[in-house]
Amino acid sequence: MKIRIVIFPIVFLCLVLTLRAEEAAIFPIPEKEPLCDLYDLYIGNRPVPVYQCRISAVPFNQVWPGYQRPIDQTEIAGFAYWEMDTDVAVRIVCKAKVQKVDIHPKVLKIEPQIQDKTISFSLKDHTPVVVEINGTRQPLHLFPAEKRKELADKSKQGLRYFGPGVHHPGKIVLKTGESVYIDAGAVVYGNIYAKDACDIKISGRGILDNSKAVRKARFREDSPTGTEDGCIHMYDCRNVSIDGIILRDSDHWTCSLFNCENISIYNLKLIGQWRYNSDGIDLANCRNALIENCFVRTFDDCLCVKGFKTHTDFAVEKILFRNCVLLCDWGCAIKMGGETSAPSFTNVAFENINIIRTSGTAISIPMHDRARISDIRFENFRINIDSDQQRPALQKNREDHYIPQDVKGSPYCPTLLQIAIKQNFYSKDKELGQLRNVLFRNIQVYTKLQPKSFFEGADADHDVQGIRIENLRFNDDPPVSDAKQMNLKVGNFVSDLKFQ
């Protein structure tokens, strides 16, 4: 009798989750699109197609323009997406026996069941999940999404609709009032560009893939990034909405907007970024922006706020990033700079951010130009730092090979927080700026190592003032109470630094 009492709730729960999984919306993969054969994925008893993406295998980067990273520095990983309104049972069948599983973000507290080659767990919400099996190599990325309440109106004037299947439109130029809808089950090979447009929208559940683009050897002089490429690239636009699609394999900055205002970016997923300089979401000289519920995995900085000389008269203000999951294979998870050519950066906030991994720095504010940056907030962060993380390195020539961490000796640990005012090769302005009133609140760091942080100003006129660090914790320790406790080096021209 006791055995029956214990087993019945478990069997009942599994049955309920399986029935709920039948309500999930699963979309077929196009015939010409290659499947990732590393895993078989099921929601309940229903198979879900796993797409291929290419990610960086080693943190090895080049700095010369034009030359692209070779394929042997990368590896194949998988990702899948579906829609659901309730909890679902997830089952992953691997090719080899499963020894260890890590499911990120850790804040979800997903405890998988492992049986030989099979991993089982339930998903309760729409947070993107990264499943790392037997280590960090070749992970599986899961993108559950809420069911769409409205489908595309294909008769709408100005709509470019891409239905299930493979499409090769190349460069798509949006003008005022136009929109793009990439439906579930669609893979669109190309990119989207807009300039001097307003009331434009990009939406759907499908994939925009920029892998056919080849990075140009020479930069354009009139472009901040030297190119009009990347998956999404916009200049001087107003009332911009980007919602729900997946961006894969960008040749440059993946989603970049310059001097744009009234921006909404929701439920965007960036995956398969492995090429040199493939930033995630970059907002330069932009105003009034909300970026939320996004997943960003890149081979350069994930979330960036910048100011460029091409738009130097336009301030950066009222920007909010929230509820995002970040995985940075090279560079910084969050960067405000290094280009800061603008009158000011004000009222910029990052809320409820999960950083699964970062290669260089978790949160960085490098100021190399004249902007006065003030009223900046970083709140409710969970930052994971692996003790076996690979040490990033620069490739000096094509014959250089990556040297693994164990050859270098001491374990590598990324930087936690960085603030620096100084000119360097990014600088376009002759004058430097100032930093005022930055809040770091409720920052939880999970680590076996002790990451470093450092703050420094340039001189008495270009200094750092008013930094507040509230409830920054390492693992289960009490909040840090001083710079020494958090391994923070405070340089010159930094004042009014307080801990709570």
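Calculation criteria
Residues numbered from 1 in each chain as written. Predicted model: local features only at pLDDT ≥ 70, side-chain atom pairs only at ≥ 80, totals over all residues. Heavy atoms only, no water. Pairing = 2+ DSSP bridges. Helix = DSSP H or I, 4+ residues; strand = E, 2+ residues; numbered from the N terminus. Axes fitted to C-alpha atoms, helices over the stretch in contact; angles between N-to-C directions. Salt bridge = Lys/Arg side-chain N within 4 Å of Asp/Glu carboxyl O. 1 Å grid on protein atoms, 1.4 Å probe; cavity = no way out; pocket = protein on both sides within 12 Å on 5 of 7 lines; lining within 4 Å. Points joined across faces, edges and corners; volume = space filled by probe spheres on them. Nonpolar A, V, L, I, M, F, W, Y, C, P; charged D, E, K, R; others polar. Buried < 20%, exposed > 50% of the residue type's maximum accessible area, 1.4 Å probe, protein only. Polar contact = N/O pair within 3.5 Å; in protein donor to acceptor, adjacent residues only side chain to side chain. Contact = heavy atoms within 4.5 Å. Disulfide = S-S within 2.5 Å. Core = buried A, V, L, I, M, F, W, Y, C linked by side-chain atoms within 4.5 Å.

A. Just the sheet that holds strand β2 (residues 46–48), in detail. Ordered in space as β2-β1-β6-β9-β8, the 5 strands form an open sheet in which the pairing is antiparallel. A single partner strand is all that each edge strand has here, and the edge strands are β2 and β8 (113–115). Neighbour to neighbour, the strand axes of the sheet diverge by 25° on average, direction disregarded. Two strands pair when backbone bridges link them, and strand β6 (residues 88–94) and strand β9 (residues 118–123) are joined in this way by 6 bridges, in the antiparallel orientation. Note on β9: the bridge partner recorded for valine 88 is leucine 123.

B. Molecular detail of the pattern of salt bridges. Under the definition given, this model contains 25 salt bridges. With a shortest N-O distance of 3.5 Å, arginine 370 and aspartate 429 are connected by a salt bridge. Taken together, the residues span a long stretch of sequence, with arginine 370 in the loop between β31 (361–367) and β32 (372–385) and aspartate 429 in the loop between β34 (415–421) and β35 (434–447) at a distance of 59 residues. Here the salt bridges do not stand alone but share partners, grouping Glu351, Arg377, Glu379, Arg441 and Glu470 into one network.

C. Structural detail: the sheet that holds strand β10 (residues 129–133). Sheet architecture is open: 5 strands sit in the order β3-β5-β11-β10-β7, paired in mixed fashion. Bordering the open sheet on either side are β3 (51–56) and β7 (101–104), each of which pairs with just one other strand. Neighbour-to-neighbour, the strand axes of this sheet turn through a mean angle of 25°, independent of strand direction. Judged from the 4 bridges that link them, β7 and β10 form a sheet pairing that is antiparallel.

D. Region of the structure containing empty space enclosed by the protein. Going through the model one piece at a time under the given rule, you end up with 2 cavities of 30 Å³ or more. Among the elements of the structure, β30 (344–357) and β32 are those that each provide at least two residues to the lining of the largest cavity. A per-element tally of the lining of the largest cavity places β30 first, with 3 residues. Looking at the lining of the largest cavity residue by residue, the class counts come to 5 nonpolar, 3 polar and 2 charged.

E. Representation of the side chain of glutamine 73. Structurally, the position occupied by glutamine 73 is in the loop between β4 (60–61) and β5 (74–83). According to the relative accessible area criterion, glutamine 73 is buried, its value standing at 6%. Within the local environment of glutamine 73, its side chain forms a polar contact with the side chain of arginine 69, the two groups lying 3.1 Å apart. Contact partners of glutamine 73, with chain neighbours within four places excluded, come to Ser56, Ala57, Val58, Phe60, Gln62 and Gln395.

F. Highlighting the state of the cysteines. The final tally for this structure, using the stated rule, is 0 disulfides. Free of any disulfide, cysteine 198 has its nearest neighbouring cysteine sulfur in cysteine 237, separated by 8.5 Å. Just so you know, cysteine 231 is unpaired, no disulfide at all, and the nearest cysteine sulfur is the one on cysteine 255, 8.5 Å from it. Under the relative-accessibility criterion, cysteine 231 is labelled buried at 0%.

G. Region of interest: the nonpolar core. Ranked by internal contacts, the top residues of the largest apolar core, which has 86 residues, are Ile281, Phe350, Phe378 and Phe440. Those residues in contact with phenylalanine 440 that lie beyond four places of it in its chain are Ile363, Phe378, Leu417, Ile419, Phe455, Ile467, Arg468, Ile469 and Glu470. Of all hydrophobic cores here, the second largest spans 28 residues; its members include Ala24, Leu38, Val50 and Cys94.

H. Structural detail: the pairing of strand β1 (residues 39–43). Only one face of β1 is buried: it carries Tyr39, Leu41 and Ile43, and the other face, with Asp40 and Tyr42, is open. Of the strand pairs in this sheet, β1 and β6 are connected by 5 bridges, and their pairing is antiparallel. Its bridge partner being in β6, leucine 41 is matched across the sheet by isoleucine 92. Strand direction decides the pairing type here: β1 and β2, joined by 3 bridges, are antiparallel. Of the residues in β2, the one forming a bridge with tyrosine 42 is proline 47. Turn length for the β1-β2 hairpin, with the two strands adjacent in sequence and antiparallel, is 2 residues, and the turn residue glycine 44 shows positive phi of about 65°.

I. Summary view of the side chain of serine 374. Tracing the chain through its elements places serine 374 in strand β32. With a relative accessible area of 9%, serine 374 lands in the buried category.

J. Region of interest: the environment of lysine 448. Along the polypeptide, lysine 448 turns up in the loop between β35 and β36 (453–456). When the C-alpha atoms of lysine 448 and aspartate 386 are compared, they prove to be 7.5 Å apart, with 62 residues separating the residues in sequence.

K. Quick look at unusual backbone geometry. The peptide bond linking histidine 104 to proline 105 adopts the cis configuration, its omega dihedral lying at 0°. With an omega of -20°, the peptide bond running from glycine 337 to glycine 338 counts as cis. Positionally, glycine 338 belongs in strand β29 (residues 332–340). Although it is not a glycine, asparagine 352 sits at a positive phi angle of roughly 55°. With respect to the helices, strands and loops of the structure, asparagine 352 is situated in strand β30. In this structure, aspartate 375 takes a positive phi of about 55° despite not being glycine. As for its position among the elements, aspartate 375 is in strand β32. The exposure class assigned to aspartate 375 is partly exposed, which follows from its relative accessible area of 39%.

The values reported here are purely geometric and, on their own, carry no functional implication.
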